[in-house]
Amino acid sequence: MLTFADRLRKGETVYSVWSQLGSRELITQLALADFDGVVIDMQHGTHSDDTIVTCSEAIIGVGKIPITRLPVNRFDAASRALDLGFEAVIAPMINSKEDAEEFASYMKYPPIGSRSWGARRANQLHGVEAGVYLQIANEKTLSFAMIETKAAYENFDEIISVDGIDGIFVGPSDFSIDYANGAGVDGDMPETQKQLEEMPRRAKDAGKLSGIFAGTPETSIKYAKWGYNFVNVSYDIALIKAGSDAFLKAAELKS
Ligand code: 3PY
Ligand code: MG
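Residues numbered from 1 in each chain as written. Chains lettered and ligands numbered in written order. Predicted model: local features only at pLDDT ≥ 70, side-chain atom pairs only at ≥ 80, totals over all residues. Heavy atoms only, no water.

Q: Teacher, can you tell me more about the site of ligand 1 here?
A: Inspection of the region around ligand 1 gives Trp 18, Arg 69, Met 146, Glu 148, Gly 171, Pro 172, Ser 173, Asp 174 and Phe 213 as its neighbouring residues. Glu 148 is positioned with one of its side-chain polar atoms (N or O) 3.1 Å from an oxygen atom of ligand 1. A distance of 2.9 Å separates an oxygen atom of ligand 1 from a polar backbone atom of Asp 174. For the shell around ligand 1, the leading source of residues is helix 10 (residues 172–179), giving 3 residues. (Near = heavy atom within 4 Å. Polar contact = N/O pair within 3.5 Å; in protein donor to acceptor, adjacent residues only side chain to side chain. Helix = DSSP H or I, 4+ residues; strand = E, 2+ residues; numbered from the N terminus.)

Q: I would appreciate a short explanation of the coordination of the magnesium ion (ligand 2) in the present structure.
A: Tetrahedral coordination by four donors places them ideally at 109.5 degrees to one another around the metal; octahedral coordination by six donors ideally gives 90 or 180 degrees. Here the magnesium ion (ligand 2) is held by the protein donor atoms Glu 148 (OE) and Asp 174 (OD), which lie 2.1 Å from it. Residue Glu 148 is located in the loop between strand 5 (142–147) and helix 8 (150–154), and its partner Asp 174 is located in helix 10; the two are separated by 26 residues in the primary sequence. Residue Glu 148 is classed as buried on the basis of its relative accessible area, which comes to 1%. (Donors = N, O, S within 2.8 Å, 3.2 Å for Na, K, Ca; no water. Buried < 20%, exposed > 50% of the residue type's maximum accessible area, 1.4 Å probe, protein only.)

Q: Got a minute to help me understand the pairing of strand 6 (residues 167–170) in this structure?
A: Taken residue by residue, a regular strand's side chains alternate between the two faces of the sheet. The alternating pattern of strand 6 places Gly 167 and Phe 169 and Ile 168 and Val 170 on opposite faces, both of which are buried. As paired strands, strand 5 and strand 6 are joined by 4 bridges and run parallel to one another. For Ala 145, the partnering residue across the bridge sits in strand 6 and is Ile 168. Pairing of strand 6 with strand 7 (residues 209–213) involves 4 bridges; the strand directions are parallel. Within the sheet, the bridge partner assigned to Gly 167 lies in strand 7 and is Leu 209. (Pairing = 2+ DSSP bridges.)

Q: Quick question: what am I supposed to make of the packing of aromatic side chains here?
A: Each aromatic ring pair is described using two quantities: the centre-to-centre distance and the angle formed by the ring planes. Following the criterion strictly, the structure yields 15 aromatic pairs and no others. Between the aromatic rings of Phe 4 and Phe 230, the centroid separation amounts to 5.3 Å while the plane-to-plane angle is 90°, which identifies the pairing as edge-to-face. Of this pair, Phe 4 sits in helix 1 (residues 4–9) while Phe 230 sits in strand 8 (residues 230–235), and the two are 226 residues apart along the sequence. As far as burial versus exposure is concerned, Phe 4 and Phe 230 are alike and both buried. Taken together through their ring pairs, the aromatic side chains of Phe 4, Trp 18, Phe 144, Phe 169, Phe 213, Phe 230 and Tyr 235 make up a single cluster. Positioned above the aromatic ring of Tyr 179, the side-chain terminus of Lys 150 is 5.4 Å from the ring centre. (Phe/Tyr/Trp six-rings, centres within 6.5 Å; stacked < 30°, edge-to-face > 60°. Lys NZ or Arg CZ within 6 Å of the ring centre and 35° of its normal.)

Here is the structure:
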């Protein structure tokens, strides 16, 4: 338990699946599939402060890594997610050193931050004594600051060097929207590829981790080759659609 940080720091590439649909039954099925972890999306998914309570249990119950992405500027929910047993929290739209410092303050106990004590559910789920959890939590739970705007990219070095930020997590879609000045959304747009390729190296040089949202097999392979430690390969809605389309096509039930 609490293995995510160790696996990434040892050099393993970890592959997760993203959950937008806030159902515990669905989370259990995603966790039973062969992904390493499940990301509960509180920003754009139908998850809420309530649904995430049972999600960590469902994911940990089948031996997978529980991760969540917060809504924008809901740093209070970061501490609570950790209290519920999540091993990593992804914060969207971290555009400045100040945003990163505020996020980190909710993620880490003193002396790094000011996370408040109350991790009893995390202790139980991960099978560690309260005092032990306090000693290991800052190292074993991970804060990922999302880089998904031009401003964030320009402030990359300042954001990545904040004590208590363990890594960056790139959002190629929002990044592309900002680079296209709102004209379109395309994570593969040529104007952003150099930046996406260089970020894992810059994170590594700073002694930090890197993650990214892929979405297709091709982008998953590309990002892993570029050195991202943590690649989210797809999401529940897309997998249901892809599976349905493939079935109907194979059975020749629809043209
Ligand atoms: C993005 O690509 O902007 C994301 O936030 C990934 O979900
Ligand atoms: Mg985004």
